[in-house]
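Here is what each chain is made of, one letter per residue.
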Amino acid sequence: MRHQLTTSLGKTVKKISQLRGGGSALPGLFVEKIDRDFMRRTLTTLPMGVVLVSGTNGKTTTTKMVVELLKSQGLTVFTNRTGSNFTRGVTAALLGAVDQRGKLDADIAVLELDEAHAVHFVQAVSPSYCLLLNVMRDQLDRFGEIDKTAELLYKIAAHTTKGVVVNQDDPRLAKPAFHSLLTVPVRSYGVSPDLLKEFPTDDALHGAASLPLVKQPSFADTTMLEALSDQTARIGFGGTSHTVDLKLRGIYNAQNAVGAIAVTRMVLGDTLNVTAMLTALAAVTPAFGRGESIAVGETTYELVLVKNPAGFRLSLKSFSSKDTDTMIVINDDYADGRDMSWLWDVDFDSLTEGVKVVSGVRAYDMALRLQYDEVLIGTVEPSVDKALAAFMQQGTQPTRRIYCTYTAMLSVRKLLRKYTSVETVR
Amino acid sequence: MTRGTITLLQLYPRDMNIYGDWGNTLVLKRRLEWHGYGVNLVAYNPGDEFPKEVDLIVGGGGQDSGQSKIGDDLLGIGDRLKTLADQGVPMLMICGLYQQFGHYFKTKDGEEIKGIGLLDIVTVGGHERLIGNIVTENDKFGSIVGYENHSGLTTLGANATPLGTVMRGAGNNNQDRTEGARYNNVIGTYLHGSLLPKNPAIADWLIEQAVIRKYGEFHPAVIDDHFASLARDTAARRPR
C-alpha cells in the first residue's frame, strides 16, 4: 500500500518537475524524504539483482555497454541512463520505470554510481555483481585522496554477493590486498602490455614512475583487449580471440568494452550467447556527451566530457586536433569539482592549432593554463551562450570539438538543441 | 641570448605531486624563460644524489603514503636544505612538504612523523578536512588566492612568520587566521589551485631572490598577467 502511494506521489512530482524543465534530482529527493526504503524495496524484487559499475573514468559509457550486452541476451534491463549517478538519481530513474503499482518490470538492473554514492547505495542494496573500472585523481575536494577512493571501491566489492570484476591494469585494484579477502569470485579484464603504454596513468605523471607493478596478477578468469587498430578490437576470453568493429572511438572505450564483456560473461555464465553479445557490442554508440557527435547543418560538433587529469589527457591523446576547431568549457560547480588544480596536471601542447574559444565559469583559469603551455587562444568568454555563438561563427573546420566539464556539457548540449534535434535523455 | 641559467629543483615530484603541483614548477620555468633566463630543471627523488648547485627549490603535496615514503630521505637531506635556506636560496613548499619542513606532524592516531625543522612549525592531525577556495592577505604580495585541502592543523613558532592573514577560508589551523609560514626566502603554504599561476607576484619574488643571489641583479621583463588577474577575481567570488 505504502509502495503504491509513494509511486503515485513520486510520479506526480516527476511530471511537474519535467514540465518545469527541472532535472531528475528533485523527484528523487522527494521520494527519499517520504519513503526511505523505496529504492531498496523496488530493486530487491529483481530476479537477477543489480550490477553496479563504479570507478573514476568511463562509468557512463561502460554502463551503456553492459546494458546493451545484457539486452542482447534477451534480458529486460533497468538502468539510470541520465548519468546522474547519485542514489537520488537512481530513485528518480526508478520512478520513471515502475508501473502505477510501483512494480519494476525488469530482470536485472545496471547502475552507475560514483564511488562515494556507491558506498551509500551498497549499504541499502547489496549488488549481485560489481564492475570496478579504475581509481584516478578526481575531484579531490570531494573524496580526499586517491588511496581513500580505492578504499571506497573496496567497500563496494565487499558488499557484492555473487562476483566482482576489476581492471587488472589499475595498480590499486590489481593489488592482492584489494581482492584476496573477498569471499565471492573475482575476475579481471585488461589490455595487452603493448596497448598499456598508450594509457597515461596518474602515477606516471610528470616524472612519477608507475607504482611498482605487482607481478602480473593472476585472476581465475581474464577478458583481454589483445589488439586494437583504429576501431577494430581483438578481444580474448575463454581461450578464444574475437574480432569486433566498434562504433566507439578512443582506446579507453575499447578498454571499457572488455570490462563490459567480462561482467556480462560472469552474469550469464554457461548460458551466454557470444555471437549475440559481440554483435550488440559493435552497435554501441557514444553515451550522452561522451564523444557524442551533434550535426548542425554541414558541421559536426563533438562533445567530449572531461572530469579529471587522466581523462582529459586521454581525450587529448585519442582525438587529433588537426583540421578541427577546438573549444574548451570549464565550470567549477560541485559536480565539476571546485578545485582548478587539476588543469595543471594536463598537458595541452598537443593543441598545436590553438584553441578558438575558451568558456565556462572558470574560463580565465583555463586561458591561464593554456598561456603557460604557449597555446594560441582566440576568444575567452565565460558566458557559454555567447561563447558557443562565437564558436559557431568563427569556426572554419567541418569538425568542431568541445571539451567540457559535466555541468558545462549539460549547458552546451542544451544550447545546441536550439540548432538541431539532440536526443532527450530522461 | 639568455641572461644566465637558473637551476630549478623539484623536490620529490614522483611521490609529492597530488594537487597540480606541476603548475608551480611550470610557472617558475616559463616565467624565468620569459624574463630572459635559461632553466635547468632537475628532479630529486628518494635515493637520488642531491645536486651540487641549486638556485630555486619547489615541492608539493602528497597522500599519507607518499609522505611516509619520502620521510627518511628528507631527514637525510634536511641539513643540506637548512644550509641552503640560511644562504638565502628561495623555496616554495606546498601542503605535505610544508608540513614536513616543520618540526613534526602528529597524526590523529598519535603517531609522530619527524620533520626537518627548517620551518618553526608543528602540525597535528585534525578531525575534519579543511577544503575550499581561500583568500589571504600579505603586505608584500597583496591578496593571495588559492584552494586549500588539508586535515593537518599547523601552528607557528616564534621563528616563523605567517605567509598571509586569512580573509576567507581556514588557513593553518582554522583558529588564529594565519596561513602558511616564511623563514628567510622559504615559503610554506597549504594553498594550491595551483598557487603560482594565480599569484604571479609570489612567482616573480621567488625568481627575483634566485636571480639576485646568483647574478647580483634582476631585470624583469613585462609579462602579460591579465588572464591571471581575471582568474583571481573569479576565484575570489566563487563559493567556498
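Located above this text is the structure these notes cover.
Residues numbered from 1 in each chain as written. Chains lettered and ligands numbered in written order. Predicted model: local features only at pLDDT ≥ 70, side-chain atom pairs only at ≥ 80, totals over all residues. Heavy atoms only, no water.

Chemist: What is the right way to look at the sheet that holds strand 2 (residues 77-79) of chain A in this model?
Modeler: What holds strands together in a sheet is hydrogen bonding between their backbones, with the strands either parallel or antiparallel. All names here are of chain A. The sheet built from nine strands is open, its strands ordered 2-3-1-4-5-6-7-8-9 with mixed pairing. Each edge of the open sheet carries a strand with a single partner, namely strand 2 and strand 9 (240-245). Pairs of neighbouring strands in the sheet enclose a mean axial angle of 20°, with direction left out of account. Alignment of strand 4 (residues 129-132) against strand 5 (residues 163-167), held across four bridges, turns out to be parallel. (Pairing = 2+ DSSP bridges. Helix = DSSP H or I, 4+ residues; strand = E, 2+ residues; numbered from the N terminus. Axes fitted to C-alpha atoms, helices over the stretch in contact; angles between N-to-C directions.)

Chemist: Could you clarify how one ought to interpret the environment of Met136(A) in this entry?
Modeler: Looking at where Met136(A) falls in the secondary structure, it is placed in the loop between strand 4 and helix 7 (140-143). Among the residues examined, Met136(A) registers a relative accessible area of 15% and is labelled buried. (Buried < 20%, exposed > 50% of the residue type's maximum accessible area, 1.4 Å probe, protein only.)

Chemist: Mind showing me how you'd approach unusual backbone geometry here?
Modeler: Most peptide bonds adopt trans geometry, and most residues besides glycine take a negative phi value. For the peptide bond that leads from Gly193(B) to Ser194(B), omega is -20°, which places it in the cis range. Tracing the sequence through the fold places Ser194(B) in the loop between strand 12 (186-189) and helix 4 (195-198). Even without being a glycine, Asp230(A) presents a positive backbone phi close to 50°. Relative to the helices and strands, Asp230(A) resides in the loop between strand 7 (222-229) and strand 8 (232-237).

Chemist: Just to check I follow, could you spell out the environment of Leu19(A) for this structure?
Modeler: Counting through the fold element by element, Leu19(A) comes out in helix 1 (residues 2-19). In the structure, Leu19(A) is positioned 143 residues away from Lys162(A) in sequence and 41 Å away in space, judged by C-alpha atoms.

Chemist: Explain the nonpolar core here, please?
Modeler: Soluble globular proteins: nonpolar side chains tend toward being buried together. Ranked by internal contacts, the top residues of the largest apolar core, which has 133 residues, are Phe312(A), Leu11(B), Ile57(B), Leu81(B) and Met91(B). It is helix 12 (residues 251-268) of chain A that contributes the most residues to this core, 12 residues altogether. Shared between two domains, this core holds at least three residues of each, these being domain 1 (2-283) and domain 2 (290-416) of chain A. When sequence neighbours within four positions are dropped, the list of residues in contact with Leu81(B) reads Leu11(B), Phe50(B), Ile57(B), Leu74(B), Met91(B), Phe101(B), Ile116(B) and Leu118(B). (Core = buried A, V, L, I, M, F, W, Y, C linked by side-chain atoms within 4.5 Å. Domains from an automatic or database assignment. Contact = heavy atoms within 4.5 Å.)

Chemist: Explain the side chain of Asn253(A) to me, please; I cannot follow it from the model alone.
Modeler: Residue and element names in this part refer to chain A. Mapped onto the fold, Asn253 is located in helix 12. A distance of 2.7 Å separates a polar side-chain atom of Asn253 from the backbone oxygen of Arg249. The residues contacting Asn253, other than those within four sequence positions of it, are Thr61, Met65 and Leu248. (Polar contact = N/O pair within 3.5 Å; in protein donor to acceptor, adjacent residues only side chain to side chain.)

Chemist: How should the interface of chain B and chain A be read in this particular structure?
Modeler: Often, the extent of an interface is quoted as the loss of accessible area upon association of its parts. Contact residues are listed per partner, giving 40 residues for chain B and 37 residues for chain A. Buried area between chain B and chain A, both sides added, is near 3200 Å², and the carbon and sulfur share of it is 53%. For the pair chain B and chain A, the interface holds three salt bridges. When the shortest N-O distance is used, the salt bridge between Asp365(A) and Lys198(B) registers 2.4 Å. The tally of links between chain B and chain A comes to 12 residue pairs in polar contact (both at pLDDT 80 or more). For the side of chain B that touches chain A, the secondary structure elements donating two or more residues are helix 1 (22-34), helix 2 (64-86), strand 7 (121-138), strand 8 (142-156), helix 4 and helix 6 (226-237) of chain B. It is helix 1 of chain B that provides the largest number of residues to the side of chain B that touches chain A, a total of seven residues. (Buried area = accessible area lost by both parts, 1.4 Å probe. Salt bridge = Lys/Arg side-chain N within 4 Å of Asp/Glu carboxyl O.)

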